[in-house]
Amino acid sequence: MNQTNQKRNDKPKRTNNSNKNQRNQDKPQNGTNGNGNGNKISRGAAVRAQKRTQMDAQRIANQYQAANPELVAQHQKRANFIDESPRLKIIGLGGMDGGGSKNTMLVEYMDDAVIIDAGNDLGVDLPGINYGIADMSYLQSIKHKLRGYIITHGHLDHIGALPHIVPEFPAPIYGSKFTIGRVEEIFENFGLPMPEGFELRTVTMNENTHERLKIGAFFVELVRITHSIPGSTMVVLDTPVGRIINTGDFRLDPNPLDHERSDTDRLKELGNEGVLALLSESTTTERPGRTPSESTIEQSFVDIMDRAPGRIFIGLFSTNMNRVQMLVNAAVHHNKKVAMDGRSMISTLEMAIRHGFMKVPKGTFVPIASVPSMKDDNIVVVCTGSQGEPSSALQRMASGEHRHIKLKEQDTVVLSSTPIPESGNDSLIGDMVDGLIRKNVHVFEHRNHELDGIGPLHVSGHASIDEYAEIIDILKPKFFIPIYGSFRSKKRHNDIAINQGIPRANTLNAENGDVIALTQDKMEIIGEVPHGTILVDQTGMIVNNIVVKDRVLLAEEGLVAVILTVDKKTGNLLTSPDIISRGFIYMRGSEEIMNGLRQELRRAVGQRFKRVDLDRFKAELKDHVTHYLFEHTQRSPIVIPVVNVIGGKGEVKTATNGNRTKTSEEIAAEQQKRFQELRAKLLTQDARTD
């Protein structure tokens, strides 16, 4: 892909359905029932509304659900089972449900298995979630078979899950020099410590010499292919059943900036020798023609540097080192210095220079902190933020929150990218560009380059239809399996393969978890293994699906806590009920509703507290509050009842205090004092009770 988060899966985003929109509309908060006609809403209606809200939240969370526990248990019972059938099994544990979606392919033959790519899903749109990775529950049952991980290239949707998976299922990681550099980089920068005794094992392969290595029952070879990151390769896996090829992400660039063209000569040799199955990425199978060469945009940056009156800021994807090299060349040509900003970009740049993938004249780079003191026409800043990401370097510059740089009038900002499809980034980019233009900053975007009278500023890292067809024609596979794409784009890819002469019966459109069985003469789906998504937060920790559901509920409906202090002896309230609202309604603007709720709470305590046990009382209280709030607001927040019971049954309780014992009244007074202190902290932690 064109960067670490170039692609997104095609699952539905967190959008409300029509029923939910209706429930969440602003209602008249007049202290009656909010339904406009004075009719009371039944308790059953309130309960049903709450269930609908919970189901909505669960449905959103289930888009990224972990593996089915029953299916996991079924396979764990067969943990020591070895499949003796002479069939090759290919299983997409991830990568069959959307572009950039935790690409993870398992290839298994009898007592040997390898994993091709192990990426993360950067398109997860859930509160507090950073990304998702493939659920590897199935690997638990066959971990004794695992011989290695083979990586096509170094984008995060192909390597991002490795720090989570490899320590639990250790095996060597194979890849090109640049790819292994990226793998080692993400392990070094991973936020969590590795398990004691874990040692990262990597094997660098030479894609230019057609090196073949034996991994268990397989032989592996990497073949150079062009993409938007150096070191991109196809994986050629010779198995006892036949040869399979995984294309990784690719385009057939005839004139790449680094002059490392796709090795089509070797691909033709492999095709002539025979290919049993081709697993081809399917990101952009709906785009006709051919993808332009990266070299077609080089002159555009030269022209902008000729015309720009002040400082130049260029936002692009953090791993696109070929484009960074292009910008360095243009800056050197114009006698300008280059500053880099964005942690991921700087980390990748350092690795690229260390391994010889970047050629930078001495003295070209300057620290970002020195930019404000330099002449405006003497500096080019290359940074992250072309997608308008809130925490990116360019966005912080635009908002005035950057530590060193504030964008100003006559600066020039170039967005060398296009919005990621179906990501929602269009609005983020639009808002950022609006803010830049308000500052009288010159802004150039690829999507508007013709309006601005300049050349193109971005090319895709993925093939178009003619290139997908050419690869099929070169390799001439017997069976064709589209991967790494949405279901619809894989369907388009099958159509391309059929047009190239592949029999329709020799193609399929598999889902995650499907077990594709191959012999020399037959391909079929024979079952399903546990599969799903494990969610990861900003720290690298795993987040449970139940927690995600609660977060969605909080985000959509808010929370209301009611705190009651009850005298155990009399069953009377000792203080007025306290109500805390967060993300639900603005309490100061809804005093009538809140006063009515307090009155209902007093009535509930008087009628039910001494008649039922405490757990039953709290459950009834929760239902009662839920009903009242829905009746008056048409919304169902999370309700948390807190009941503090003070005192005992009137008998004397002893507590050591010198030579004297405390009475139950004194103990109750102390308990009430402690509660009042706790209550004061709760009510003063945020002066806005909204």
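Residues numbered from 1 in each chain as written. Predicted model: local features only at pLDDT ≥ 70, side-chain atom pairs only at ≥ 80, totals over all residues. Heavy atoms only, no water.

Draft legend 1. Just the overall build of the protein, in detail. Check the secondary structure of the protein and you find 19 helices and 28 strands. Going through the 690 residues of the protein one by one, you find that 55% of them count as buried. Accessible area of the protein: about 29,600 Å², with a carbon and sulfur share of 48%. (Helix = DSSP H or I, 4+ residues; strand = E, 2+ residues; numbered from the N terminus. Buried < 20%, exposed > 50% of the residue type's maximum accessible area, 1.4 Å probe, protein only. Areas by Shrake-Rupley, 256 points an atom, 1.4 Å probe, with all protein chains shown as cover.)

Draft legend 2. Inspection of the packing of aromatic side chains at higher detail. Within this structure, the stated rule accounts for four aromatic pairs. The interplanar angle of 85 degrees and the centroid separation of 5.5 Å between the aromatic rings of Phe-609 and Phe-617 together place this pair among those described as edge-to-face. Of the two residues examined, Phe-609 and Phe-617, each falls in the buried class. (Phe/Tyr/Trp six-rings, centres within 6.5 Å; stacked < 30°, edge-to-face > 60°.)

Draft legend 3. View of the pairing of strand S2 (residues 104–109). Counting buried positions over the six residues of S2 gives six, a clear majority of the element. The alternating pattern of S2 places Thr-104, Leu-106 and Glu-108 and Met-105, Val-107 and Tyr-109 on opposite faces, both of which are buried. Pairing of strand S1 (residues 88–94) with S2 involves six bridges; the strand directions are antiparallel. Bridge pairing in S2 links Lys-89 to Glu-108. In the sheet, S2 pairs with strand S3 (residues 112–118) via six bridges, with the strands oriented antiparallel. Note on S3: the bridge partner recorded for Thr-104 is Ala-118. Between S2 and S3, which pair antiparallel and follow one another directly, the connecting turn spans two residues, one of which, Met-110, has a positive phi of 50 degrees. (Pairing = 2+ DSSP bridges.)

Draft legend 4. Structural view of the environment of Ile-580. Tracing the sequence through the fold places Ile-580 in strand S25 (residues 578–582). Between the C-alpha atoms of Ile-580 and Leu-559, which are 21 residues apart in sequence, the distance is 8.1 Å.

Draft legend 5. Region of the structure containing helix H15 (residues 487–499). The terminal C-alpha atoms of H15 lie 19 Å apart, and with 13 residues this matches the ideal 18 Å at 1.5 Å per residue to within 8%. Taken together, the buried positions of H15 are occupied by Ser-489, Lys-490, His-493, Asn-494, Ile-496 and Ala-497. Projected onto a plane normal to the axis of H15, the buried residues spread over an arc of 160 degrees and lie on a single side. On its buried face, H15 sits against strand S13 (275–281), helix H14 (465–475) and strand S19 (477–483). At the C-terminal side of H15, Gly-501 shows a positive phi close to 100 degrees. (Expected span 1.5 Å × (residues − 1). Arc of directions from axis to C-beta. Contact = heavy atoms within 4.5 Å.)

Draft legend 6. Representation of helix H10 (residues 321–333) in the model. Between its terminal C-alpha atoms H10 stretches 18 Å, which fits the 18 Å expected from 13 residues at 1.5 Å a residue. Buried residues dominate H10, accounting for ten of its 13 residues. For H10, the elements touching its buried residues are helix H7 (177–189), helix H9 (298–307), strand S14 (312–315), strand S15 (337–341), helix H11 (343–354) and strand S16 (379–383). Phi for Asn-335, located one or two positions after H10, is positive at around 55 degrees.

Draft legend 7. Structural context of the pattern of salt bridges. Within this structure, the stated rule accounts for 28 salt bridges. Among the ionic pairs, Asp-238 bridges to Arg-212, the shortest N-O distance being 2.8 Å. Of the two residues, Asp-238 sits in strand S11 (residues 233–238) while Arg-212 sits in strand S9 (residues 212–215), which places them 26 residues apart along the sequence. A residue is classified by how much of its surface remains accessible, and Asp-238, at 13% relative accessible area, is buried. A single network of salt bridges, built from pairs that share partners, joins Arg-212, Glu-221, Asp-238, Arg-243, Arg-266, Glu-269 and Glu-273. (Salt bridge = Lys/Arg side-chain N within 4 Å of Asp/Glu carboxyl O.)

Draft legend 8. Structural detail: the confidence of the model for the protein. The pLDDT averaged across the protein works out to 84; a share of 81% of its residues lies at or above 70. Taken as a whole, residues 79–83 scores under 50 in pLDDT and shows nine contacts with residues more than four places along the chain or in a different chain. (pLDDT = per-residue confidence, 0-100.)

Draft legend 9. How the structure looks around unusual backbone geometry. Phi at Asn-335 takes a positive value of approximately 55 degrees, unusual for a residue other than glycine. With respect to the element layout, Asn-335 can be found in the loop between H10 and S15. Judged by relative accessible area, Asn-335 falls into the exposed class, the value being 64%.

Draft legend 10. Broad picture of the packing of H7 against H11. Taken N-terminus to C-terminus, the directions of H7 and H11 make an angle of 135 degrees; their axes are 10 Å apart at the nearest point. Relative to H11, the element H7 lies oblique. As for the relative orientation of H7 and H11, their crossing is right-handed in sense. Note on element contacts: H11 touches H7 through Ser-344, Ser-347, Thr-348, Met-351 and Ala-352, opposite Phe-178, Gly-181, Arg-182, Glu-185 and Asn-189. For the contact of H7 with H11, the per-class residue count stands at three nonpolar, five polar and two charged. (Axes fitted to C-alpha atoms, helices over the stretch in contact; angles between N-to-C directions. Parallel < 35°, antiparallel > 145°, perpendicular 65-115°, else oblique. Left-handed = near helix turned anticlockwise from the far one by under 90°. Nonpolar A, V, L, I, M, F, W, Y, C, P; charged D, E, K, R; others polar.)

Draft legend 11. Highlighting the sheet that holds strand S6 (residues 146–150). Taken in spatial order, the eight strands line up as S8-S7-S6-S3-S2-S1-S20-S21 in an open sheet, and their pairing is mixed. Both edges of this open sheet fall to strand S8 (202–204) and strand S21 (523–528), since each of them pairs with a single strand only. Across the sheet, the axes of successive neighbouring strands diverge by a mean angle of 25 degrees, strand direction being ignored. Docked against the sheet, H7 engages strand S7 (173–175) and S8, running at close to 140 degrees with respect to S7.

Draft legend 12. The arrangement of the sheet that holds strand S26 (residues 638–646) in detail. Taken in spatial order, the three strands line up as S25-S24-S26 in an open sheet, and their pairing is mixed. Here the strands that pair on one side only, and so sit at the sheet edges, are S25 and S26. Here the average twist between neighbouring strands, direction ignored, is 15 degrees. Against the sheet, helix H17 (residues 591–608) touches strand S24 (559–567) and S25, its axis set at about 40 degrees to S24. Lying over the sheet, helix H18 (residues 614–633) contacts S24 and S26, oriented at roughly 140 degrees with respect to S26.

Draft legend 13. Molecular detail of the environment of Lys-359. Among the secondary structure elements, Lys-359 is positioned in the loop between H11 and S16. On the basis of relative accessibility, which here comes to 67%, the residue Lys-359 falls in the exposed class.

Draft legend 14. A look at the environment of Asp-157. Along the polypeptide, Asp-157 turns up in helix H5 (residues 156–159). By relative accessible area, Asp-157 is classed as buried at 1%.

Draft legend 15. Examining the side chain of Thr-412 more closely. Relative to the helices and strands, Thr-412 is located in strand S17 (residues 412–415). Apart from residues lying up to four places away in sequence, Thr-412 is in contact with Ile-304, Ala-308, Pro-309, Arg-311, Ile-312, Phe-313, Val-441, His-442 and Phe-444.

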